[in-house]
Amino acid sequence: MRKFDFILPTKIVFGCGELKRIGREARKIGKKAMLLTGRTAMRKLGYTDRVVSALRDAGLQVVLFDKIEPNPRTTTIDEAGALAGKNKCDMVIGLGGGSVMDAAKAVALTAVTAKPIWGYVYDQNGDTFPIDRKVLPIIEIPTIAATGSEADCGGVFTNWETHQKGVLFHPHLYPVLSIVDPELTVSCSPELTGDGGVDIFMHVLDPYITSTPECPLADRISEGVMITVVENLGRAIKNGADIDARSNLSWASTVALCGMPSEGRGGAFPLHVMEHSLSGYYDISHGRGLASLMPAWLKASIPSCRERLSTLAKRVFYVDTSKMTADESALCGYACIVHWLTGIGMHCTLKDLGIDDRHFGRMADDAVLLYGHNKDFIENQPALTREGIIEIYRNSLGS
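First, a word on scope: everything that follows refers to the structure included in this document.

What counts as what
- Residues numbered from 1 in each chain as written.
- Predicted model: local features only at pLDDT ≥ 70, side-chain atom pairs only at ≥ 80, totals over all residues.
- Heavy atoms only, no water.
- Helix = DSSP H or I, 4+ residues; strand = E, 2+ residues; numbered from the N terminus.
- Salt bridge = Lys/Arg side-chain N within 4 Å of Asp/Glu carboxyl O.
- Buried < 20%, exposed > 50% of the residue type's maximum accessible area, 1.4 Å probe, protein only.
- Contact = heavy atoms within 4.5 Å.
- Expected span 1.5 Å × (residues − 1).
- Arc of directions from axis to C-beta.

1. Considering unusual backbone geometry
Look at the link from Gln381 to Pro382: it is a cis peptide, with omega at -5 degrees. Inspection of the secondary structure puts Pro382 in the loop between β9 (377-378) and β10 (384-385). With a phi angle near 60 degrees, His163 is a residue other than glycine that sits in the positive phi range. With respect to the secondary-structure elements, His163 resides in the loop between β6 (154-159) and β7 (164-169). Backbone geometry at Tyr318 places phi at a positive 60 degrees, although glycine is not the residue there. As for its position among the elements, Tyr318 is in the loop between α12 (306-315) and α13 (326-343).

Now the structure itself:
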């Protein structure tokens, strides 16, 4: 095992019906909340009114900002941060999917600094504004099992003017509280459920494939998350009211990106990096983008991750690989994932998503610029240069 620090200051309240605790929990934190949501879904489902009523019944004032879009725009975040600062809000609550929860972290920062969020993500010199002060307390309420933003200290943000999509991580951005109520995910459509489940799976697959030293506990935590998604995602897609499947997915989402699955082992996120550049231009669902790129990425990685894919075939998909060669068992692991994606209706190509090759060069440039850490490649096994990234994009187009 490698050396590491593990910090997780977030209080997790998990369980069906636990949304009812939002008022009394928020009252312990502050008196005036900015509530962030998307544009329509939370209000139509009645979730916005439920949370606002619970907060007001607990004696809190509420400032509602319901303009957060998928792949949240930096301009929208800056607008919400300015409003939170102007109204002297003393906490930020994100009610929705990963975009809203990520935005809540960014708004909690910009409300106290009055600086544009993109400056914390990236500038032309490769530098960022330092985060040298505490942000507003953050509460997250996920309504889909997907990003795991309820248990980490980061977010992903899109500069639509440049079509760049970058990340921001800092310990100050951990939520102080997350209420994970699986009942809120029952309303998710089969398509949205599938997108979210693929994201959970890839959150642990990415570092699992790209890490080299074996770390038995971290491996088995990652494998446990993948198994949970494989066993429950199809059920939830088929029957959205399957609360057991929904609960299992919600907990897998919370665990997958909290840091624990990779601690002691490490690993990189090249598939996510390439998808960020993709959705920075095309504004597609993150899970669908991951699914479209995954087969070509894994094929390119096979020479360096045979053992990993073989182990995945055995431990996640329960295939007896004892009589297979190293190449055969690796290809079996690859085929198992593709077969699973196909079975749940999530296997797709870039052409299926209406995407052609016109921006591949710029997308690859952005991936290296934003995630290469001043190198001319992104971390992978093997490392991916600009040309390697473009090749994966091209091989993801489909026939």
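Having seen the model, we can carry on.
2. Description of the pattern of salt bridges
All told, the structure shown has 19 salt bridges when counted by the stated rule. Between Glu18 and Lys20 there is a salt bridge, with the nearest N and O atoms lying 3.1 Å from each other. Since its relative accessible area comes to 55%, Lys20 is described here as exposed. For Glu25, the salt bridge goes to Arg21, with nearest N and O atoms at 2.8 Å.

3. Some remarks on the side chain of His272
Here His272 shows up in helix α10 (residues 270-282). If sequence neighbours within four positions are ignored, His272 has contacts with Asp199, Met202, His203, Asp206, His286 and Leu290.

4. Concerning helix α4 (residues 74-86)
With 13 residues, α4 extends 18 Å from end C-alpha to end C-alpha; this agrees with the ideal 18 Å at 1.5 Å per step. Listing the buried residues of α4 in full gives Thr74, Thr76, Ile77, Ala80, Gly81 and Ala84. Down the axis of α4, the sector holding all buried residues measures 155 degrees, keeping them to one side. Residues of α4 that are exposed and point over 90 degrees away from its buried face: Thr75 and Lys86. Those residues of α4 hidden inside the fold are in contact with β2 (32-38), β3 (61-68), α5 (98-113), α6 (118-121) and β6. Looking one or two places after α4, you find Lys88, whose phi comes out positive at around 55 degrees.

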